[in-house]
Amino acid sequence: MKLPIVAYGDPVLKKVCTPIEESYPGLQELISNMFETMYNASGVGLAAPQIGLPIRLFIVDTAAGDEKDKDRYKKVFINAQILEETGEPWAFNEGCLSIPEIREDVMRKPNVKIRYYDEHWKLHEEEVTGMPARVIQHEYDHIEGTLFTDKLGLLRKRMLKGKLDAISKGNIHADYKMRFPNQKRRR
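Residues numbered from 1 in each chain as written. Predicted model: local features only at pLDDT ≥ 70, side-chain atom pairs only at ≥ 80, totals over all residues. Heavy atoms only, no water.

Participant: Explain the pattern of salt bridges to me, using residue names and the numbers behind them.
Facilitator: This model, assessed by the stated rule, comprises 13 salt bridges. Here Glu-94 and Arg-134 are joined by a salt bridge, their closest N and O atoms 2.6 Å apart. Taken together, the residues Glu-94 in strand β5 (residues 90-96) and Arg-134 in helix α2 (residues 130-143) connect sequence positions 40 residues apart. Both residues of the pair, Glu-94 and Arg-134, count as buried. (Salt bridge = Lys/Arg side-chain N within 4 Å of Asp/Glu carboxyl O. Helix = DSSP H or I, 4+ residues; strand = E, 2+ residues; numbered from the N terminus. Buried < 20%, exposed > 50% of the residue type's maximum accessible area, 1.4 Å probe, protein only.)

Participant: Quick rundown of the environment of Gly-87? Include the residues and the values.
Facilitator: On the secondary structure map, Gly-87 appears in the loop between β4 (74-86) and β5. The class of Gly-87 is partly exposed, set by a relative accessible area of 38%. Separated by 39 residues in sequence, Gly-87 and Ala-48 place their C-alpha atoms 28 Å apart.

Participant: An account of unusual backbone geometry is needed here, citing residue identities and associated values.
Facilitator: Positioned with a positive phi, Ser-42 is a non-glycine residue whose angle comes to about 60°. Tracing the chain through its elements places Ser-42 in the loop between α1 (27-40) and β2 (45-47). Since its relative accessible area comes to 61%, Ser-42 is described here as exposed. The backbone of Glu-101 sits at a positive phi, close to 70°, despite the residue not being glycine. You can call Glu-101 exposed: its relative accessible area is 56%.

Participant: Could you give an account of the environment of Ala-63, with specific residues and numbers?
Facilitator: By secondary structure assignment, the location of Ala-63 is in the loop between β3 (57-61) and β4. For Ala-63, a relative accessible area of 8% corresponds to the buried category. For the pair Ala-63 and Phe-35, spaced 28 residues apart in sequence, the C-alpha separation works out to 12 Å.

Participant: So, the packing of aromatic side chains: which residues are in play, and what are the values?
Facilitator: This model, assessed by the stated rule, comprises five aromatic pairs. Plain terms: the ring middles of Phe-35 and Tyr-39 are 5.9 Å apart, the flat faces sit at 35° to each other, and that makes the pair tilted. With Phe-35 and Tyr-39 both in helix α1 and four residues apart, this pair spans about one turn of that helix. Look at Phe-35 and you get buried, because its relative accessible area is 10%. Residue classification places Tyr-39 among the partly exposed residues on the basis of a relative accessible area of 26%. Among the aromatic residues, those joined into a cluster by ring pairs are Phe-58, Phe-77 and Tyr-116. Cation over ring: Arg-134 sits above Trp-90, and NZ or CZ is 4.2 Å from the ring centre. (Phe/Tyr/Trp six-rings, centres within 6.5 Å; stacked < 30°, edge-to-face > 60°. Lys NZ or Arg CZ within 6 Å of the ring centre and 35° of its normal.)

Participant: Give me the layout of surface pockets: which residues, what numbers.
Facilitator: Each pocket or cavity is described by its volume, and for the largest pocket that value is around 420 Å³. Those elements giving two or more residues to the lining of the largest pocket turn out to be β5, β6 (99-108) and α2. Looking at the lining of the largest pocket residue by residue, the class counts come to eleven nonpolar, eight polar and five charged. Its volume calculated, the second largest pocket comes out at about 190 Å³. Tallied by class, the residues present in the lining of the second largest pocket amount to four nonpolar, two polar and seven charged. (1 Å grid on protein atoms, 1.4 Å probe; cavity = no way out; pocket = protein on both sides within 12 Å on 5 of 7 lines; lining within 4 Å. Points joined across faces, edges and corners; volume = space filled by probe spheres on them. Nonpolar A, V, L, I, M, F, W, Y, C, P; charged D, E, K, R; others polar.)

Participant: An account of the pairing of β5 is requested, with residue identities and associated values reported.
Facilitator: In this sheet, β6 lies alongside β5 in antiparallel orientation, the contact comprising six bridges. What sits directly across from Trp-90, in β6, is Arg-108. With antiparallel pairing between neighbouring strands as the criterion, β5 and β6 make up a hairpin whose turn holds two residues. (Pairing = 2+ DSSP bridges.)

Participant: Describe the side chain of Asn-33, naming the residues involved and giving the relevant values.
Facilitator: Within the secondary structure, Asn-33 sits in helix α1. Taking relative accessible area as the criterion, Asn-33 reaches 9% and is therefore assigned buried. The residues touching Asn-33, leaving out its near neighbours within four places in the chain, are Met-1 and Leu-3. (Contact = heavy atoms within 4.5 Å.)

In structure tokens form, the structure reads like this:
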């Protein structure tokens, strides 16, 4: 089932998320719905807060549904903890499904060491590099209550304020279902 993606301005996007237990109700269905939602929106990652749930869960698929991509990195991250970020920071133009039509250069380190449970509750600790590491860091930020726009300089944030306010009010076009925190109720 395709779920609505929560737009910029919703308080759930600024919460540090809570860990979940293996017995979390409907977890496998939730993960499946998150993948369907992400693919429908042409994303490469999606975190639970983006669908309104303040829990430590996110998914990544760098192939964005392209099953033939030989460099595909597809994983489920539950209760993830980034242990280390290393390397010389590099800029990349990032976007976010919760902040449609805005893309900005964000500096991130190229290597990440992360500990997490997968969808089968198997514990992993791995080092990831390059684009998958960047997507992990972006989604991990979501479960820590941080958006990519929080990483921008003060002047750039001020320049984007009008666009961000418009997004929170629903004055934006997205090709997927969204939920807007400050949208006026229609009669």
